[in-house]
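Survey of secondary and tertiary structure
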Amino acid sequence: MRIRQMLKSGFIILDGAMGTMLQKKGLKLGERPEILSIIQSDIIEEIHREYIKSGADIVYTNTFGANAHKLEGTGYTVEQIIEASVGCAKRACKGTNSKVALDIGPLGELLEPAGSLSFEEAYELFRQQMVQGEKSGADCIVIETMTDLYEVKAAVLAAKEHTALPVFVTMTFEQNHRTFTGCSVASMALTLEGLGVDAMGINCSLGPEEIFPIAKELATWTSLPVIVKANAGLPNLNSNEYDISAESFAGTMSKYADEGITIMGGCCGTTPEYIKEIKKVLSQKQPVKCDFKRVSAVCSPTKAVVIDGVRIIGERINPTGKKLFKQALINNDIDYILSQGVSQVEAGAHILDVNVGLPEIDEVSMMIKVVKQLQSVIDVPLQIDSSDPKAVEAALRVYNGKAIVNSVNGEEKVLDTLLPIVKKYGAAIVGLTLDQNGIPNEAETRFQIAKKILDKAVYYGIPKEDVYIDCLTLTASVQQKEVVETLKAVKMVTEQLGLKTVLGVSNISFGLPNRELINHSFLLLAMSHGLTLPIINPNISQMVDAVYAYNVLYNKDENATDYILKYNTVKTEPKSPAQQGVQTTVDINHAISKGLREEAKQITNQLLLTTNEMEIVNTLLIPALDVVGTRFEKGEIFLPQLLQSAQAAQSAFEEIKAFIASKGRTSISKGKIVLATVKGDIHDIGKNIVKVILENYGYQIIDLGRDV
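In this report, the structure presented in the accompanying data block is examined. Just so you know, these numbers come straight off a predicted model, no measurement behind them. (Residues numbered from 1 in each chain as written. Predicted model: local features only at pLDDT ≥ 70, side-chain atom pairs only at ≥ 80, totals over all residues. Heavy atoms only, no water.)

With that out of the way, let us pick up the overall build of the protein. A tally of helices and strands in the protein yields 27 helices and 20 strands. Here the protein has a C-alpha radius of gyration of 27 Å; the compact-globule value for 708 residues is 27 Å, and the two agree. Dimensions of the protein along its principal axes, counting C-alpha atoms only, are 80 × 70 × 45 Å. By the burial criterion, 57% of the 708 residues in the protein qualify as buried. The long-range fraction of contacts in the protein, counting pairs at least 24 apart against all pairs at least 6 apart in sequence, stands at 74%. Of the roughly 29,400 Å² of accessible surface on the protein, a fraction of 51% belongs to carbon and sulfur atoms. Taking the average location of the 71 positive side-chain charges in the protein and that of its 84 negative ones, the two points are 2 Å from each other. (Helix = DSSP H or I, 4+ residues; strand = E, 2+ residues; numbered from the N terminus. Rg over C-alpha atoms; globule rule 2.2 N^0.38 Å. Buried < 20%, exposed > 50% of the residue type's maximum accessible area, 1.4 Å probe, protein only. Contact = heavy atoms within 4.5 Å. Areas by Shrake-Rupley, 256 points an atom, 1.4 Å probe, with all protein chains shown as cover. Lys, Arg positive; Asp, Glu negative; His and termini not counted. Charge placed at Lys NZ, Arg CZ, Asp CG, Glu CD.)

What follows is about the state of the cysteines. Within the structure shown, the criterion is met by 0 disulfides. Cys 299 takes part in no disulfide bond, and the closest cysteine sulfur to it belongs to Cys 183, at a distance of 7.8 Å. (Disulfide = S-S within 2.5 Å.)

Turning next to the pairing of strand 11 (residues 313–317). The two faces of the sheet receive side chains in turn, since in a regular strand these alternate between them. With 4 of 5 residues buried, strand 11 lies mostly within the body of the structure. Sheet topology places strand 11 next to strand 12 (residues 351–354); 3 bridges connect them, and they run parallel. Note on strand 12: the bridge partner recorded for Ile 313 is Ile 351. Judged from the 2 bridges that link them, strand 11 and strand 18 (residues 533–536) form a sheet pairing that is parallel. The residue of strand 18 that forms the bridge with Gly 314 is Ile 536. (Pairing = 2+ DSSP bridges.)

Now for the sheet that holds strand 11. The strand order around the closed barrel built from 8 strands is 11-12-13-14-15-16-17-18, with neighbouring strands paired in parallel fashion. Each adjacent strand pair in this sheet contributes to an overall mean axis angle of 30°, direction not counted. Contacting strand 11 and strand 12, helix 14 (residues 334–347) crosses the sheet at an angle of about 155° to strand 11. (Axes fitted to C-alpha atoms, helices over the stretch in contact; angles between N-to-C directions.)

Once that is clear, we can look at the pattern of salt bridges. Summed over all chains, the structure comprises 29 salt bridges. Between Glu 161 and Lys 424 there is a salt bridge; the shortest N-O distance is 2.7 Å. Of the two residues, Glu 161 is situated in helix 8 (residues 149–162) and Lys 424 in helix 17 (residues 412–425); the sequence distance between them amounts to 263 residues. Judged by relative accessible area, which is 28%, Glu 161 ranks as partly exposed. Judged by its relative accessible area of 34%, Lys 424 is partly exposed. Across the pair Arg 631 and Glu 636 runs a salt bridge, and its minimum N-O distance is 3.3 Å. The exposure class of Glu 636 is partly exposed, given its relative accessible area of 46%. If you follow the salt bridges from partner to partner, you end up with Glu 161, Glu 393, Arg 397 and Lys 424 in one network. (Salt bridge = Lys/Arg side-chain N within 4 Å of Asp/Glu carboxyl O.)

To continue, consider the sheet that holds strand 8 (residues 263–266). Taken in spatial order, the 8 strands make up an open sheet running 1-8-7-6-5-4-3-2, and their pairing is parallel. Each edge of the sheet is formed by a strand with only one pairing partner; in this case those strands are strand 1 (12–13) and strand 2 (58–60). One ladder, built from 4 bridges, connects strand 5 (residues 167–171) with strand 6 (residues 199–203); its direction is parallel. Paired with Met 171 across the bridge in strand 6 is Ile 202. Against the sheet, helix 7 (residues 119–136) touches strand 3 (99–104) and strand 4 (140–146), its axis set at about 165° to strand 3. On the sheet, helix 11 (residues 246–258) packs against strand 7 (226–230) and strand 8 and is oriented at approximately 160° with respect to strand 8.

Along the chain, Thr 61 falls in the loop between strand 2 and helix 5 (68–71). Each residue touching Thr 61, except ones within four places of it in the same chain, is listed here: His 48, Ser 85, Val 86, Ala 89, Val 100, Ala 101, Leu 102 and Asp 103. A polar atom in the side chain of Thr 61 sits 2.6 Å from the side chain of Thr 63. Side-chain polar atoms of Thr 61 contact the backbone nitrogen of Asp 103, separated by 3.0 Å. (Polar contact = N/O pair within 3.5 Å; in protein donor to acceptor, adjacent residues only side chain to side chain.)

The next subject is a nonpolar patch on the surface. Together, Val 674, Ile 702, Leu 704 and Val 708 make up an exposed nonpolar region whose accessible area comes to about 340 Å². Looking at the secondary structure, you find Val 708 in the segment after strand 20 (700–703). By relative accessible area, Val 708 is classed as partly exposed at 46%. (Patch = residues over 30% accessible without salt bridge, like charges linked within 9 Å, V, L, I, M, F, W, Y side chains within 5 Å.)

In this section: helix 13 (residues 323–330). Listing the buried residues of helix 13 in full gives Phe 325, Ala 328 and Leu 329. End-on, the buried residues of helix 13 take up no more than an arc of 100°, which puts them together on one face. Away from its buried face, by an angle of more than 90 degrees, helix 13 presents the exposed residues Lys 323 and Leu 324. Its buried side turned inward, helix 13 meets strand 11, helix 14 and helix 15 (363–377). Positioned one or two residues after helix 13, Asn 332 has a phi angle of 60°, which is positive. (Arc of directions from axis to C-beta.)

This next bit is on the side chain of Thr 74. Structurally, Thr 74 can be placed in the loop between helix 5 and helix 6 (78–93). According to the relative accessible area criterion, Thr 74 is buried, its value standing at 19%. The contact partners of Thr 74, leaving out residues within four places of it in the chain, are Arg 32 and Ile 35.

A few words on unusual backbone geometry. Cis rather than trans, the peptide bond between Glu 112 and Pro 113 has omega equal to 0°. Mapped onto the elements of the fold, Pro 113 is located in the loop between strand 3 and helix 7. The backbone of Ser 205 sits at a positive phi, close to 70°, despite the residue not being glycine. Looking at the secondary structure, you find Ser 205 in the loop between strand 6 and helix 10 (208–219).

Here is the structure:
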């Protein structure tokens, strides 16, 4: 039976820990486990056989760290290690029904923007592993122990584009239902199901009791089979044994079956005995269906936006009618574009529209640059707005999460070109109710185009919940009687097709005085007719106020939770006493808080004209970093935002160092610190994070690297 058939036939039992078993068999501290597949293949085969004998339907190859980055300096290539490791597993499976999963772990280096590894470089590292895994005979690919959704996406694309193998993904969550980089359960599910993986789940970090509520949440967000590979609790530091017995572990795991979870195994601390006990427990169970209901939603890694009420799409990242924005695109002024994004999110935008189309520039390269930079400083999902299929695909490829694509229309050629791209990357789609004949005046004709778009999207495998319809706002000053037709079309699409709707609200008032009054009035009318995604300028407070009030009055905002949060509290970032009364303080706090490097540089240079450099460091920069650190500890921001803030502060420090050097003085330093990871430790992510933070607090870091 093939893997995809197994997924439909009942429970699947996975193996347990490889590292735990290798330690029991004498793996020395600092030894690379993957190399044993070549120099001591009999041990690896024996471990696989023990798991198969205990009931494992799928065994993971000994390739967790078999990427070019981690194997550097070992004398072995990725191809050699994977060929040998898959061979060990296949020999162990011979004569049984068990299957071989190519095990792919993290690369061991942070991806941009938090780290130096680009998305494209990560993709190539994974591609090398995937190609060899299929060539060597693996039955499926398991991407496991991941904390960064961006890294997962690179791995999934490499697997899907270069192999025909089923793909499983498991990420590692903490008890706050977030990964180390802040990825939420919902964001993982929305992104990975959209990318077309075959199963997803959770492994490592926590025991079965701690993972249980996280797995339950995941099961409500995906229609795919859910995987759980928990740790055997925590290791005892004296005995080095884990604290949950095999019987207790399996007893807890039995609860998962009652929640519709069908793929189970063990992670750190588990042995063949644990797998045997899981098999015994599951033999007395029958799979049940998960409580899953598909919703309209998009996401960034840290924030999922469910379209269950009116949600605001910010319109300001668009050159149409905006001279400053056009000039920013021509001048490659990314910082100006980022500031537009940040200000819209702060004003209340739930999603940002991104349009960089301009004849004077290369739209594809600019779209890639803007999407990468935007998602490094904001946490809301993006709407990719372009009529160029190349720009759309380029943006979707580097986007971290589930995006919206705007705009498809009713022309067959447009639908057949863009919808396959949307499907491949798991995005949602905005369909414009126009075709080769232009924009119809009548609501009924627009409705028919909307239905055509929906039918075509479903044909290409895009769920109905991911189809949004733009009934098109015409200018009241020119086509006054068509305004009512737009409202009528919105109501028809909402009630008869059951779809979410989009409108560029500001279009209504072109050529009229007091545009805000017309825009505000039209927004109220459109929402009462069913509009769910208005594209507006969120910096105009009365437009945002209308949305929040509508969601309360139409019972979309249950218990007025969002309304109270927005209007009953004023969120301000704390300031130290030394910062009070300094005009530029708010600006430097804002720049560091939002990770705006160029802005932090410029403000620092202004401050250096009037303020002593050590006063800037001690009374402004370090307190600003302290605020960011406190927000990180409270879970208000996550690792990517922390590092972006640190890099913004670093840019300010660099300006101060340059200023001191220009005066012929010695650079500031609180002292020297030597950093390294010890011999045998090839994981340097933690070290690099510590390095960045310490440098920002004024220390000179001597970095000896990893495996020292």
